[in-house]
Amino acid sequence: MTCVLKRKDFARWQAAEKLPDIALCKAVHEMESGLIDVDLGGALYKKRVARPGGGKSGGYRSLLSARIGSRYVFLYGFSKSDKGNITQDEKKALQFVGKVFLGLSPEALFNALQADVLLEVHCEQDHRIATRRSGDAPGGRSDRQGDDARV
């Protein structure tokens, strides 16, 4: 089961930029399909993320630690227009903290989530919401109406 997480600092930046979780989920899905923008070494990756309503080229850059297919932790984000790249010192620090987060035991991960050091990204829920918004279900009803009808 894939676990997608984000640091609290990343979540603050994400909220300020109005970047939805579904964009993070899409980035993870692309990585699982082999679309990795840059492997920075030490389980640290740079992944381009599109601005809402825009493309990736003028969008955001996210740095995340990943054990592909298992655990992803979004560590740092920035707008390409605000910053060209990270420094070597920033890279080393992110590699270190990323390895710590990837290596957390289930109990330590639970504690990090409880303390709001890490926040969970709910990709399955976001996918269902996006699917509901994208069109009608068979029979002319939207998926949302179909769910309500079965309750």
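This text gives an overview of the structure that appears in the document. (Residues numbered from 1 in each chain as written. Predicted model: local features only at pLDDT ≥ 70, side-chain atom pairs only at ≥ 80, totals over all residues. Heavy atoms only, no water.)

With respect to the state of the cysteines
Okay, so step 1: Counted under the stated rule, the structure contains one disulfide.
Okay, so step 2: Sulfur-sulfur distance for the disulfide between Cys25 and Cys123 comes to 2.1 Å. Taking the sign of the torsion about the S-S bond as the criterion, the disulfide between Cys25 and Cys123, at about -90°, is left-handed. Placement of Cys25 in helix α2 (residues 21-32) and of Cys123 in helix α5 (residues 123-133) is noted, with a sequence separation of 98 residues between them.
Okay, so step 3: Of the cysteine sulfurs around Cys3, a residue in no disulfide, the closest is that of Cys123, at 9.7 Å. (Disulfide = S-S within 2.5 Å. Helix = DSSP H or I, 4+ residues; strand = E, 2+ residues; numbered from the N terminus.)

Overview of the pattern of salt bridges
Okay, so step 1: Enumeration over the complete set of coordinates arrives at seven salt bridges.
Okay, so step 2: The closest approach of N and O atoms between Lys47 and Asp37, which form a salt bridge, is 3.8 Å. Of this pair, Lys47 sits in strand β3 (residues 44-49) while Asp37 sits in the loop between α2 and β2 (38-41); the two residues are ten residues apart in sequence, bridging distant segments of the chain.
Okay, so step 3: Residue Asp37 is classed as partly exposed on the basis of its relative accessible area, which comes to 31%.
Okay, so step 4: In this structure, the salt-bridge partner of Lys83 is Glu90, at a minimum N-O distance of 2.9 Å.
Okay, so step 5: The exposure class assigned to Glu90 is partly exposed, which follows from its relative accessible area of 28%. (Salt bridge = Lys/Arg side-chain N within 4 Å of Asp/Glu carboxyl O. Buried < 20%, exposed > 50% of the residue type's maximum accessible area, 1.4 Å probe, protein only.)

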